[in-house]
Amino acid sequence: MFKNIRFFKRDNTVEKVVDLNHQRVFILPTNKGLSFLVLIAILFLIAFVYNNNLCYLLAFLLSSIFLISILHSYQSIFGLRLELIGCNKVFAGEMAEVNLLLSNPGNIDRVNLNIGFSKSNKLSLGKQKQKKLTFFLFVEKRGWHRMNKIVISSTYPFGFFTVWSPIRFSKKYLAYPALASDNCPLPMMDIEESVEEELMNSSIAGGDDFYGLKTYQDGDAIKQIDWKSFAKGQGLYIKQFQKNATASNQQLWLDYDFTTASDLEEKLSQLCRWVVDAEKQGLDYGFSLPGFSLQPSHGLNHYQQCLEALALYRPVVID
Amino acid sequence: METEIDRRIIIFILASVALIVLPHSGHIPISLLVFFYSLLIWRFCVLWDKKWIPKKWLVSLLSAIAIYQLYSLNQGVFGRDAGTSIFITALGLKILESNKEQDFYLVSYLAFVVASSQFLYSQSILMLGYILFVTCSLFAALITLNTKNNDAKPAIKKILTMTAQAIPITVLLFFMFPRIDPPDWLLFNQQNTAVSGLSDTLRPGSISKLGFSHDLVFRAKFKGKIPPVQDLYWRGPVFSQTDGLNWTETNNRHFLRQMDKLVTYGQPSHYTVMMEPQDGHWIFTLDMPTVYPQKLIKNGLFQLLNPTKPKKRKQYEITSFLKFNTGKLTDTEYSDNTQLPAQPMPEVTQLVNELKGDNDSAQFLISAIFHHFKNNDFSYTLNPPVMEINPIETFLFKARSGFCGHYATAFVYLLRVANIPARVVSGYQGGSINKVGNFLEIKQSDAHAWAEVWLENKGWVRFDPTSAVAPDQFSEQNLESSTAEKQKNFEIIENKNLFNRWVTRAGDVWSNMDYEWQQWIIHYRGEKQSKFLSSWGITGIKSMFYWLTVLVFFMLGLFTWVILRNQKTNIDKVLMTYQRFCDSLAKVGVIKRKAETAHDFALRAKQLRPDLANNISLITWSYINLQYKKDSGIDDFKAFKKQVNSFKA
Amino acid sequence: MDVNLSTLFDSANQVILGKEHQIKLAVCCLLARGHLLIEDIPGVGKTTLSHTLAKLLGLDYQRIQFTSDIMPADIIGSSIFNASKSEFTFHPGPIFNQMVLADEINRATPRAQSALLEAMEENQVTVEGVSYDLPSPFFVIATQNPSHQLGTFSLPESQLDRFLMRIQLGYPDQQAERNLLTGVDRRFIIDELQVMLPPERLSQMQNEITGIYTSPALLDYVQALINFTRESDEFNYGLSPRAGLALLTAAKSWAYMKGGDAVLPEDVQTVLPAVAGHRLKSSNSNSDLVVESLLQHVEVS
């Protein structure tokens, strides 16, 4: 209900940590609270008509409890601290994970809290306790996204009042383009063959990194047998080498122009898939979008740079 | 969306509601009570098995039955009983069909109305305590309902805290909220709950029934000294006419104006009479009332009457002069008060002549009759033999034992035979003093009858023939032990038994509490309120509202502070105090860096300000102890706070 | 400070010149039951340090020189067929010692490395389905050449996490260098060292350390530090919960060494570079700077 009140929509975003103080906590009576007022009015009427002081007393008591319950409602979320731990980067079409830390620095138990973005979840928090909360937000499009408003609310104790605090974190989160389906192989340029060939040579050249030994099995290359250990009478082993990408002069380019899809978003999706696959396989890959390119490399930084470029890509419109 | 409400929560609510309705069992029709509790039990059954859920048509049928029942009770729509019945019926029906959260909220609200209606039947302290208890219980049930937490303990704790905080505001509202008397047309016909007291017909024997009753009739609080006991005759019905068997009041009592002028002398006695609900119109006052509330009527029998029967406790400010002269008798009075049912029997005439002898003076005859009662084996008893035929003659010549009614009627009869105007006055005599509250409590057992004789130059004069036989009114052998404390004089018997004394004392305390309760709670309205508030300098509705608002907001502010202040933990407090220390250093240019620990900061600060080195060390040491070391208590914090407060950079 | 500890430091400082802080950190690490990683160029005294500590603590000491062809069996031992008994008997490897110096760990293949690291983690070794417990106490001091040197397999992050601390020795200062050049051969001094802290006392101390008090305020500070690494964009990965525990344990140990009964923020600050440096991977390669900026950004509570 209160979400639609314009007045409360004013922008007061927070960076990371927010303490629910009097500026952030709002309070309004609920329908139950309003009908309780009607009840109090009825009690007053009875007291008035019969001129009965004890009826007055009961009406006064109920009014006082109603007034006091404002404070107790307010107290139920007042002083809580909400901290944005972070949100992971996500591919469009997936759920972004938002991690929050809700802590209760006060020395009263908080029961009956509701917290959530669009749907609220119930929880309670003991005194001086904190709880890590994880929310999932569905992300439709790539690019920067503002975080939705998160609302902490409570109707404790009687449900006569609802207190709430809308919080919008200023931190934005990045959504990469949607991942294309698996069946788009990397634009390899005969890479399989050349790698294999290199492996064949490597044992002779000895230039590649030794990885370890493996018991010989039929079909293994004779060239790779570790003759030294055989001579010691330890049995037949073959040497294994780690494929060292830097040594390879093979270059993989993930280029916007290589994509097969027709529409821009689909092309980006395909590129995205390629980047993910290439990184998974530990290959060095160059990356190129119209107006943006990265030299072949691998690793987290490179990977993230590519994905960021994809997420934020805007085609240049030429007249 | 709505999840099912836990069974235990519903039980909590239903139990609270059942408790709220319970005190009504004394005063609502039994059929209604059965109807309500059946519905409640039905709802309990639904908890155990869903198949008991009533069908729609069944609920409609039950509603129809309920309406028929209400109709047949013939109570109408308005008024206390009708309203109560309607609310209880509605509550029962609502309980049966309650399922969702809102339903139970409505049930609770209805229950609060029913709780309020309890006060229309009883306004005792006990009832208030009971209603307070069930109200808390119902609120606690509401908390469990709202939180969906079936553990009642935190809810009960919460409501107790809240009630404790609400009570000061309630008290404030109670005393300061302006009371306005409702207009008359709003006063619905209220059922008479008054206890029956003195009857308007005296028939020897009828007062005796009251002799044992300890029901309170009225209280009297004197401004100043309580008059001596021989003056404490509280005037009630005055009986002038008799048919030999019954004595009744005369109809000729409205001629006060034609009567002679009343002359009063001596010191007036000011007192407040607080009457319990009464059956009759009489306001019991001491002779002779001169100042009294305007709505009361004083008639030719010198009675004070309330034209409307006081259904509720009411109190009246009265001033009486104990010494007076009513002056001459009118003809009507004379004939009324010398009236005899028939020619007296010869024995009676003979007795009167014997007693009178040669002396014609009324005074002489009166003292002769007193002597006659005293010297001829007349005795006092509350259980006299039956005297159905010719009661006066039987009493005078055969039974020779009886109580005040017998003596008074016989006395008056004898005087009338001698043609002396006399009449029987009934009312209450004496009373027991409440030492705690210093007021008199007059109970039904204090009922009495005495005589009034008109004497030349003196007017109507009171004589109590009973005192001739029982100076203590009740002779000991006939005394029930429970009436022992009631004495003609107020001297509390110094009881040898400590326990009994304490019981008496406790009884006094309770009576006094009840008296103050009546004074300050039940009757706190209108005039009383404005009087009380003006003693605080608050006069007029406007300033009442003004002060009420100011004080309520002040209290709310106080509670806001109390409630929201608790939020800070110890760590925060220590940190804040330390921050003050840092701030005062910052003012002189020694600024603590973010990453600097207290110890490092202290080292640096001491270098910059060697003059403060000692204090800085001390405060830092305390801070580190409080913040990081085990076993630091509140005293350490206080010491730390002191150090910081006295620190000046 | 405990008498045993101060004599221990005195003796150690006579052997290794001008490295008081590093020695303290190393002992702190051992007291906290952690393993130590020393990262530096060859020849600055890594081996001497570990040897000295072993001597002073009276622990069995074995050095394992890691090379590119070292096999797991060379570290943990192997089962060898005993012809006379017709059965395999297990011959324990060098790891079955109370203090093991794993020299130049990053020259070995990942496979050999992981054999060691698994032993460190589990405190036991499993060979052909039979588990053998390692001695107690069990310390590993691993040394590592800077990763940019040739022929190295740098330890993956997951493995680095298993070392409680990483310290760097660095070149000695001018005075220490001169003393070193003119003084007696270090090896002779080491040979003559006496046990300063017997193992029973060591384990007693280790137990006492667990009882050091950490106040809520201090925990707040530690959490703030950890949270900062997780949230800040400066770090690729924040500190793991294990790292948080390690930080607290190390700080407790440091507080104990100082003779305190509760951890103070300065204790945390002191051990933080050693505990967090190797765990925080940053775009900025100099881990010292990273830790320094972490300290600067988080307010002491």
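The paragraphs below set out a description of the structure included in this document. (Residues numbered from 1 in each chain as written. Chains lettered and ligands numbered in written order. Predicted model: local features only at pLDDT ≥ 70, side-chain atom pairs only at ≥ 80, totals over all residues. Heavy atoms only, no water.)

**Brief notes about the interface of chain A and chain C**
For step 1, the next point in the chain: Contacts between the two partners involve 11 residues from chain A, matched on the other side by 10 residues from chain C.
For step 2, the next point in the chain: Summing both partners gives a buried area of about 950 Å² for chain A against chain C, and 48% of it is carried by carbon and sulfur.
For step 3, the next point in the chain: Between chain A and chain C we count zero salt bridges in total.
For step 4, the next point in the chain: Along the contact surface separating chain A from chain C lie zero residue pairs in polar contact (both at pLDDT 80 or more).
For step 5, the next point in the chain: Of all the elements in the fold, those that place two or more residues in the side of chain A that touches chain C are strand S3 (81-87) and strand S13 (209-215) of chain A.
For step 6, the next point in the chain: Counting residues per element, the side of chain A that touches chain C draws most heavily on S13 of chain A, which supplies four residues. (Contact = heavy atoms within 4.5 Å. Buried area = accessible area lost by both parts, 1.4 Å probe. Salt bridge = Lys/Arg side-chain N within 4 Å of Asp/Glu carboxyl O. Polar contact = N/O pair within 3.5 Å; in protein donor to acceptor, adjacent residues only side chain to side chain. Helix = DSSP H or I, 4+ residues; strand = E, 2+ residues; numbered from the N terminus.)

**Description of the nonpolar core**
For step 1, the next point in the chain: Phe36, Leu82, Leu102, Phe160 and Phe169 of chain A together with Leu91 and Phe139 of chain B are the most contacted members of the largest nonpolar core, which totals 126 residues.
For step 2, the next point in the chain: Take this core: its biggest share by element is 15 residues, from helix H2 (residues 53-77) of chain A.
For step 3, the next point in the chain: Beyond its immediate sequence surroundings of up to four residues, leucine 82 of chain A is in contact with Lys16, Val17, Val18, Leu100, Leu101, Leu102, Ile115, Ile150, Ile152, Ile167 and Phe169 of chain A.
For step 4, the next point in the chain: Listed in part, the 94 residues of the second largest apolar core include Cys582 of chain B together with Leu5, Leu164 and Met205 of chain C. (Core = buried A, V, L, I, M, F, W, Y, C linked by side-chain atoms within 4.5 Å. Buried < 20%, exposed > 50% of the residue type's maximum accessible area, 1.4 Å probe, protein only.)

**So, the packing of helix H5 (residues 264-280) of chain A against helix H6 (residues 300-312) of chain A**
Residue and element names in this part refer to chain A.
For step 1, the next point in the chain: It is the contact of H5 with H6, at a shortest axis distance of 10 Å, that shows an interaxial angle of 175 degrees. Between H5 and H6, the angle falls in the class roughly antiparallel. Residues Leu268, Leu271, Cys272, Val275, Val276 and Glu279 of H5 form the contact with H6, whose own contacting residues are Leu300, Tyr303, Cys306, Leu307 and Leu310.
For step 2, the next point in the chain: Looking at the contact of H5 with H6 residue by residue, the classes come out as 10 nonpolar, no polar and one charged. (Axes fitted to C-alpha atoms, helices over the stretch in contact; angles between N-to-C directions. Parallel < 35°, antiparallel > 145°, perpendicular 65-115°, else oblique. Nonpolar A, V, L, I, M, F, W, Y, C, P; charged D, E, K, R; others polar.)

**Some thoughts on a nonpolar patch on the surface**
All names here are of chain B.
For step 1, the next point in the chain: Where nonpolar side chains cluster on the molecular surface, the patch consists of Leu126, Val509, Trp510 and Met513 and spans about 400 Å² of accessible area.
For step 2, the next point in the chain: Among the elements that make up the nonpolar patch, the one with the highest residue count is helix H15 (residues 498-522) (three residues).
For step 3, the next point in the chain: As for its position among the elements, leucine 126 is in helix H6 (residues 125-147). (Patch = residues over 30% accessible without salt bridge, like charges linked within 9 Å, V, L, I, M, F, W, Y side chains within 5 Å. Areas by Shrake-Rupley, 256 points an atom, 1.4 Å probe, with all protein chains shown as cover.)

**Thoughts on the sheet that holds strand S8 (residues 130-138) of chain A**
All names here are of chain A.
For step 1, the next point in the chain: In space, the four strands of this open sheet follow the order S1-S3-S5-S8, with antiparallel pairing throughout. Each end of this open sheet is capped by a strand with a single partner; those strands are strand S1 (17-19) and S8. Along the sheet, successive strands turn relative to each other by an average axial angle of 25 degrees, direction set aside.
For step 2, the next point in the chain: Two strands pair when backbone bridges link them, and S1 and S3 are joined in this way by three bridges, in the antiparallel orientation. Its bridge partner lying in S3, valine 17 is registered against glutamate 83. (Pairing = 2+ DSSP bridges.)

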